[in-house]
Amino acid sequence: MKVTLTVNGKQYSQEVEPRTSLTHFLREMLNLTGTHIGCDTSSCGACTVILDGVAVKSCTVLAVQADGCEVTTIEGLAEGDHLHPIQEAFREHHGLQCGFCTPGMVMTAVDLLQKNPNPTEEEIRHGLEGNFCRCTGYHNIVKSIQHAAEKLNA
Amino acid sequence: MGKFIGKSIKRKEDVRFLTGKGKYTDDIKLPGMTHAAFVRSPYAHAKINNINTAEALKAEGVVAIFTGQDECGNYGVPCGWQVNFKNGETMREPQQPLLAKGVVRYLGEAVAIVIAETLEQARDAAELVEVDYEELPAVTNPKEAMKEGAPLVHDEWPDNAAFDWCIGNDRAEVEKALENAHHVTELEYVNQRLAPNAIEPRSYIADYNAADDKWTLYTSTQNPHLIRLLLCAFALGIPEHKVRVVSYDVGGGFGSKIFHYTQEALLTWATKQIGRPIKWTADRSEAFLTDAHGRDHVVKAKMGFDKEGKIVALLADEYCAMGAYLSTFAPAIPTYLHGTLFQGLYTTPLIHLDVTAPFTHTVPVDAYRGAGRPEATYLLERLIETGAKEMGMDPAEIRFKNFIPPFDGVNQPGYQTQVALQYDSGNYAPVLKRALEMAGYEDFRKEQEEARKQGKLLGIGISTYIEACGIAPSAVVGALGARAGLYEAGEVRVQPTGKVSIYTGAHAHGQGHETTFAQIVADKLGIALEDVEIIHGDSERSAFGMGTYGSRSLAVGGSAIVKSIEKVLEKGAKIAAHKLEAAVEDLDYADGKWTVKGTDKSVSFGDVALTAYVPHDYPEGLEPGLDFSSFYDPANFTYPFGAHIAIVEVCPDTGKVTLKRFITCDDVGNVINPMIVDGQVHGGVVQGIGQALLEGVVYDENGQMISGSYMDYAMPRADDVPMIETDRTVTPCPHNPLGVKGAGEAGTIGSTPAVVNAVVDALWHLGIRDIPMPLTPARVWEAMNAAKA
């Protein structure tokens, strides 16, 4: 089947199998390997991308479902050399260690702060429920998002 | 402290991770690359009568299928540590085959590998492989495995013991002291089996190049050189200089990526058979089934006290599961990394531990963050806390009473324990004092009392810990059964322009070496941070290495780099002296230049570097070039310590535990980058909280894993934990040049008993003395309900 998607502002048309997941499409067909796979039950959130403005776990979206949609992946967040304020906050506040969950965390944070620009700590933690991190204990991820919110609101 | 050491420098590696440009093994694609899928045993123990691959071989895209009947069935991966029986009998060491041959011994053991053009084709074809199994009885619990008549994991031996072991004082003497003790506290519990769960699943690509008869193995490992050695010299018997092992970015390890796994060797063997690269990446189900697990000790322990609360004796018997085969470091974990920590921070005069390590019909058990030390700390801290409460003493006070007095390892000697180790330096009371102060311990007791009156169950739990990092020196670990040395290599290559490349044998998978190591180098050489590049994860770039585990990178790997820097500065001084027409001893080195003492005559590091490579006007007899390589073999382990405090609220209706606060005061020696050390503590603490409240691998009586996905195995999520409140004291390590001790595992080691102690504290007045981990709402509720009855 043929699908046409806009990914990080660029249009792609590709033949895919009906069973091809959006994660697979991004990683294997477009070589956008920043979107990661950490599980097979849609639990870990490492594959989170923004689909038509909303964060989704791309492992549970089929490429054919995303036909005609706009996708932003971690590769499309920075503007040239300028990191997005959320990326910058993660760097500034040590919100990552091994980096594997990071793309999903950052994309989830983008969605979270879009929906709720002034979240409490509790709201941030609740918003990150669908993303696992085994390295940071979430402490500095929460801090990073708090600081990013301040910056985005300034 | 220099310009960079001791500062929270932002990480050099972050931009690539934050922009999706990390290079994990699964991100790599090679021309002509094929994909592998495994046919895995659906039984924990079964005879393989027949494997029929005919249909699968006909499937679209299939390149090859191999089973244990092929040549690869003759190979196995080795164990790297030998622990013999107490009676001198040699450790029982079955071959861990690359593919099962005739018998499967754990659920998920690989029976066949299917290699195809695409991953989907490989998986589809694997479904078509028909295996005729005859199911056999299984045993998964290590204590059950030692019972008369238990199903045997390996028929060649009369029982399931891989080895047994003991440490400490004479058992009879310890037993006698317990008989005469004023009070004896006894606990029986299971330190449950855990799945490491690095978020990046294991991933390998093997690529044989016939043109130069060389293999490249890309692997998500914590120690590429060690894998190359084990793979070449022990698993496949191929020449080591013909194999390159590369591990670029690795998405967390926590111990589980130390070991040499069968898939690494199998793919390396198979790529030559088919003449094409092969990739395999575990899915999460495979990770649960095949990553080496951690813990799994069945424990019975006693601690005896005198009237004042001083510990007089400690005795423990443990059954520690090895799994179906001996993984790389498995025998060392419940022995030399566990029993040797039974002194803890206390002056206990008599200690004895007996360990029986049986084979079980489960995936192998090996090091998982802390590796043996969290289990030791759990035992000590649950016993001392319970003992204090039983005797009506304050749990903080009893610890102060038993602490080893301060010693710095310089003016006072190290502390000789009853269990072989000699601690390097320690000052234990201040960490607990500080943690209690942060927690507001005195006020909390009042708050707790008030809360109880209103039907609220609050609890506070303390844990103090010591750990042993940077396991060494090689001669000692060799005498204890290690089949490898435990040093580290570090090379400093100064380029002609004065830029510096560092090649380390340590490996970063989240620890931030590219930043911390650069901080050390930039400070010692007085150059800019951006002029230093840290290179790791490639056996053909770094001379050698033992990799990263056991919180060893900085203490051992960092020290190797410092040794090389000292050599660079020594040679540089000779060149500088020549250029300045002065004697070496008349020079000072600071801020990146050599200066003739008392003058303003100086020459910069960059100028000296250039001269070393353009030696037109040069000291006579001195070799050109400015690069040095060093191996550092430490004099001793390092011994970080600390105090952790958990404050919890237990819901009286549901048994749900809410962790309200978590406080740590750790001492990891000198700190290179406080931001990174804090991050290590946060993450470690939450992993330990995971064991206390959420996690546990469960095998049923048939050896089926009923916790084999994230839907069934509870990982700590962001809303399960609070912010972690941290502080530190600094007691430098006296025997390494940086004075550092290591921070990677401290959090996990200290936190688990603090949480359990806190929950038991909340429920003590109801008569509850212990609850089995993980303390799920159901288990806490059951305990409360049973106490009421």
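Just so we're clear, the structure is a prediction, and the values are computed from it rather than from any experiment.

## Details of the overall build of chain A
Across its full length, chain A holds five helices and five strands. Each helix and strand of chain A, placed in order from N terminus to C terminus, yields the pattern β-β-α-β-β-β-α-α-α-α. Its C-alpha atoms give chain A principal-axis dimensions of about 45 × 30 × 25 Å. Buried residues in chain A amount to 57% of all 154 residues.

## Topic: unusual backbone geometry
Most peptide bonds take the trans form, and the phi angle of most residues other than glycine is negative. Between Ala472 of chain B and the following residue, Pro473 of chain B, the backbone shows a cis peptide bond with an omega angle of -10°. For Pro473 of chain B, the position within the fold is in the loop between β20 (457-466) and α13 (474-479). A cis amide bond links Met773 of chain B with the next residue in sequence, Pro774 of chain B, at an omega value of -10°. Residue placement: Pro774 of chain B occurs in the loop between α18 (746-763) and α19 (777-788). Phi at Asn31 of chain A is positive, roughly 60°, even though this residue is not glycine. Mapped onto the elements, Asn31 of chain A comes out in the loop between α1 (22-29) and β3 (48-51). A positive phi angle, close to 60°, is found at Phe254 of chain B, a residue other than glycine. Its location among the elements puts Phe254 of chain B in the loop between β13 (243-246) and α7 (262-274). By C-beta crowding, Phe254 of chain B is classed as buried, having 30 other C-beta atoms within 10 Å.

## Some thoughts on the sheet that holds strand β29 (residues 657-667) of chain B
Residue and element names in this part refer to chain B. Ordered in space as β20-β28-β29-β30, the four strands form an open sheet in which the pairing is mixed. Two strands close off the open sheet at either side, each with one partner strand: β20 and β30 (724-728). Across the sheet, the axes of successive neighbouring strands diverge by a mean angle of 15°, strand direction being ignored. Where β29 meets β30, five bridges bridge the pair, whose relative direction is parallel. The residue bridging Phe662 from the neighbouring strand is Ile724, located in β30.

## Here's the deal with the pairing of strand β16 (residues 311-320) of chain B
Residues and elements named next belong to chain B. Burial within β16 is extensive, with eight of its 10 residues counted as buried. Across nine bridges, the pairing between strand β15 (residues 297-305) and β16 is antiparallel. For Lys300, the partnering residue across the bridge sits in β16 and is Asp317. In sequence, β15 turns back onto β16 through a hairpin of five residues, with Gly309 there showing a positive phi of about 95°. One ladder, built from six bridges, connects β16 with strand β17 (residues 351-358); its direction is parallel. Residue Leu314 lies in a different strand from β17, and its bridge partner there is Ile351.

## Regarding the domain arrangement of chain A
All names here are of chain A. Domain annotation for chain A reports domain 1 (2-74) and domain 2 (85-153). Using C-alpha coordinates to define each centre, domain 1 is positioned 21 Å away from domain 2. Domain 1 puts 14 residues into the contact, and the matching count from domain 2 is 12 residues. If you list the elements that add at least two residues to the side of domain 1 that touches domain 2, you get β3 and β4 (54-57). In terms of residues, the side of domain 1 that touches domain 2 owes the most to one element, β3, which gives three residues. Looking at the side of domain 1 that touches domain 2, its residues break down into eight nonpolar, six polar and no charged.

## What about the domain arrangement of chain B?
When the parts of a complex come together, some accessible area is lost, and that lost area is often taken as the interface size. All names here are of chain B. Taken domain by domain, chain B holds domain 1 (15-136 + 200-251 + 257-290), domain 2 (297-472 + 636-788) and domain 3 (487-632). Its C-alpha centre places domain 1 at a distance of 35 Å from the equivalent point of domain 2. Listed as interface residues are 23 residues of domain 1 and, on the opposing side, 24 residues of domain 2. The leading source of residues in the side of domain 1 that touches domain 2 is helix α8 (residues 284-290), at five residues. Residues that form the side of domain 1 that touches domain 2 fall into these classes: 12 nonpolar, eight polar and three charged.

## As for the nonpolar core
One finds Ile113, Val114, Val521, Val755 and Val759 of chain B to be the most contacted residues of the largest nonpolar core, which totals 303 residues. When sequence neighbours within four positions are dropped, the list of residues in contact with Val755 of chain B reads Gly461, Ala646, Val648, Leu659, Ile689, Ala692 and Leu693 of chain B.

## Focus: the interface of chain B and chain A
The partner chain A presents 41 residues to the 43 residues of chain B that form the contact. Elements supplying a minimum of two residues to the side of chain B that touches chain A: α1 (14-18), α8 and α17 (674-693) of chain B. If you tally residues by element for the side of chain B that touches chain A, the top one is α17 of chain B, at seven residues. Of the residues that constitute the side of chain B that touches chain A, the class distribution is 20 nonpolar, 13 polar and 10 charged.

## Topic: the sheet that holds strand β10 (residues 183-191) of chain B
Residues and elements named next belong to chain B. Here five strands make up an open sheet; going across it, the order is β9-β17-β16-β15-β10 and the pairing mixed. The sheet is open, and its two edges are formed by β9 (161-168) and β10, each paired on a single side. Direction aside, neighbouring strands of the sheet carry axes that sit 10° apart on average. Here seven bridges tie β9 to β17, and the two strands are oriented antiparallel to one another. Of the residues in β17, the one forming a bridge with Ala161 is Pro358. Across the face of the sheet, helix α5 (residues 171-179) comes into contact with β10, β15, β16 and β17 while running at roughly 125° to β16.

The rules we used
In this numbering scheme, every chain counts its residues from 1 along its sequence in written order. Chain labels run from A onward and ligand labels from 1 onward, assigned in the order the entries are written. Local features are withheld for residues below a pLDDT of 70 in this predicted model, meaning they are given only at 70 or higher, and side-chain atom pairs are given and counted only at 80 or more; totals for whole chains, interfaces and linings count all residues. Secondary structure elements follow DSSP: runs of H or I no shorter than four residues count as helices, runs of E no shorter than two count as strands, and numbering proceeds from the N terminus. Exposure classes come from backbone-placed C-beta atoms, where a residue is buried if 20 or more other C-beta atoms lie within 10 Å of its own, exposed if 12 or fewer do, and partly exposed in between. A strand pair is defined by DSSP finding two or more bridges across the two strands. Only the stretch in contact is used when fitting a helix axis, every axis being a line fitted to C-alpha atoms; angles between N-to-C directions are given from 0 to 180 degrees. Domain start and end points were adopted from an automatic or database domain assignment. Here the contact rule is simple: place C-beta atoms from the backbone, and any two residues whose C-beta atoms are within 7 Å are in contact. Note that Gly is not counted as nonpolar here; it falls among the polar residues with everything else outside the nonpolar set of Ala, Val, Leu, Ile, Met, Phe, Trp, Tyr, Cys and Pro and the charged set of Asp, Glu, Lys and Arg. Think of a nonpolar core as buried Ala, Val, Leu, Ile, Met, Phe, Trp, Tyr and Cys residues, each tied to the set through C-beta atoms within 7 Å.

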